[in-house]
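Breakdown of the fold
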Amino acid sequence: GHTEAAGYGLTASVKRNNRRIIMVLNGMSSMKERAEESRRLTEWAFREWETYALFKAGDEVVADAEVWLGQAETVPLLAKGGLEVTMQRRSRLDMKVTTVWNGPIAAPVRKGQEVGKIVVTAPGMTPIEMPMVAGADVEKLGFAGRMSAAFKRVLWGKKG
């Protein structure tokens, strides 16, 4: 389109190999400039940016998160949902994926219970966070088990 106030503009969606970019241009001085700039930006976006699949829903992120006073000593932590990140290709080398949770996790633990998060950082990118959930139920120890765990903790520093 074109208006006197805004100049030549374009709103477009371009798809290549299952990747789509959406572009909005405005303020171009001619139809030719609009065409050249939209072509240049399209090529730049497909060349310099990529989407990276990091986790699928249910992927195990942490194999052995310690459980306090549980019938099992550990519980796996899973990605709550799928996680894909779109970033400049050169930033990929400096991308960091970390997990954050307060451990040991106190029993009882319920499968699907949110117990932590995944944090993705890279230069020039706002950090992305996604919940991690428990991958299994872990029941709380009975009275005798809790007493035994407390005793081991006091005597030998073992967590139970």
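**What about the overall build of the protein?**
- A count of helical and extended segments in the protein gives two helices and eleven strands.
- Each principal axis of the C-alpha distribution contributes one length, and for the protein these read about 80 × 30 × 25 Å.
- Considering the protein as a whole, with its 160 residues, one finds that 31% of them fall into the buried category.
- Considering only contacts within the protein whose residues lie at least 6 apart along the sequence, 58% involve residues at least 24 apart.

**Considering the packing of aromatic side chains**
- Going through the model one piece at a time under the given rule, you end up with one aromatic pair.
- Here the aromatic rings of Trp44 and Trp49 are separated by 6.0 Å at their centres, their planes lie at 70°, and the arrangement is edge-to-face.
- We note Arg92 situated over the ring of Tyr52; from NZ or CZ to the ring centre the distance is 5.2 Å.

**A word on the nonpolar core**
- Membership of the largest hydrophobic core comes to 24 residues, with the highest contact counts inside it found for Val75, Leu77, Leu83, Met87, Ile105, Ile118 and Val120.
- With sequence-adjacent residues up to four places away left out, Ile105 is seen in contact with Ala65, Glu66, Val67, Trp68, Val75, Leu77 and Val115.

**Considerations on the side chain of Arg19**
- Within the secondary structure, Arg19 is located in strand β3 (residues 19-28).
- A distance of 2.6 Å separates a polar side-chain atom of Arg19 from the backbone oxygen of Trp49.

**Details of the sheet that holds strand β5 (residues 60-68)**
- In spatial order, the strands read β8-β10-β11-β6-β5-β9; together these six strands make up an open sheet with mixed pairing. Edge positions in the sheet fall to β8 (96-101) and β9 (105-106), since each has one partner strand and no second.

**Re the sheet that holds β3**
- Here we have three strands laid out as an open sheet, ordered β1-β2-β3, and antiparallel in their pairing. Across the chains shown, the open sheet's two edge strands, defined by having one partner strand only, are β1 (2-3) and β3.
- Looking at chain direction, strand β2 (residues 7-16) and β3 are connected through eight bridges and run antiparallel. By the bridge assignment for β3, Tyr8 is matched with Met28.
- Across the sheet, helix α1 (residues 31-48) lies against β2 and β3, angled at about 150° from β3, the strand it touches most.

**A word on the environment of Leu25**
- By the secondary structure assignment, Leu25 is in strand β3.
- Look at Leu25 and you get buried, because its relative accessible area is 8%.
- Note: C-alpha distance between Leu25 and Ala35 (ten residues apart in sequence) is 10 Å.
- In this structure Leu25 touches Gly9, Leu10, Arg34, Glu37, Ser38 and Leu41, once residues within four positions along its chain are discounted.

**Quick notes on unusual backbone geometry**
- Geometrically, the link from Gly103 to Pro104 is a cis peptide bond, its omega value of 0° lying close to zero.
- Inspection of the secondary structure puts Pro104 in the loop between β8 and β9.
- Geometrically, the link from Ala107 to Pro108 is a cis peptide bond, its omega value of 5° lying close to zero.
- By the element assignment, Pro108 lies in the loop between β9 and β10 (114-122).
- We note that Asn17 has phi near 45°; this positive angle belongs to a residue other than glycine.
- Counting through the fold element by element, Asn17 comes out in the loop between β2 and β3.

**Looking at α1**
- With 18 residues, α1 should reach 26 Å at 1.5 Å per residue; the first-to-last C-alpha distance of 26 Å fits that figure.
- Within α1, burial applies to Arg34, Ser38, Thr42, Ala45 and Phe46. Projected down its long axis, α1 carries its buried residues within an arc of 90°, all on one side. Turned more than 90 degrees from where α1 packs its buried face, Lys32 and Arg39 sit exposed.
- For α1, the secondary structure elements touched by its buried residues are β2, β3 and β4 (49-55).

Thresholds applied
Residues numbered from 1 in each chain as written. Predicted model: local features only at pLDDT ≥ 70, side-chain atom pairs only at ≥ 80, totals over all residues. Heavy atoms only, no water. Helix = DSSP H or I, 4+ residues; strand = E, 2+ residues; numbered from the N terminus. Buried < 20%, exposed > 50% of the residue type's maximum accessible area, 1.4 Å probe, protein only. Contact = heavy atoms within 4.5 Å. Phe/Tyr/Trp six-rings, centres within 6.5 Å; stacked < 30°, edge-to-face > 60°. Lys NZ or Arg CZ within 6 Å of the ring centre and 35° of its normal. Core = buried A, V, L, I, M, F, W, Y, C linked by side-chain atoms within 4.5 Å. Polar contact = N/O pair within 3.5 Å; in protein donor to acceptor, adjacent residues only side chain to side chain. Pairing = 2+ DSSP bridges. Axes fitted to C-alpha atoms, helices over the stretch in contact; angles between N-to-C directions. Expected span 1.5 Å × (residues − 1). Arc of directions from axis to C-beta.

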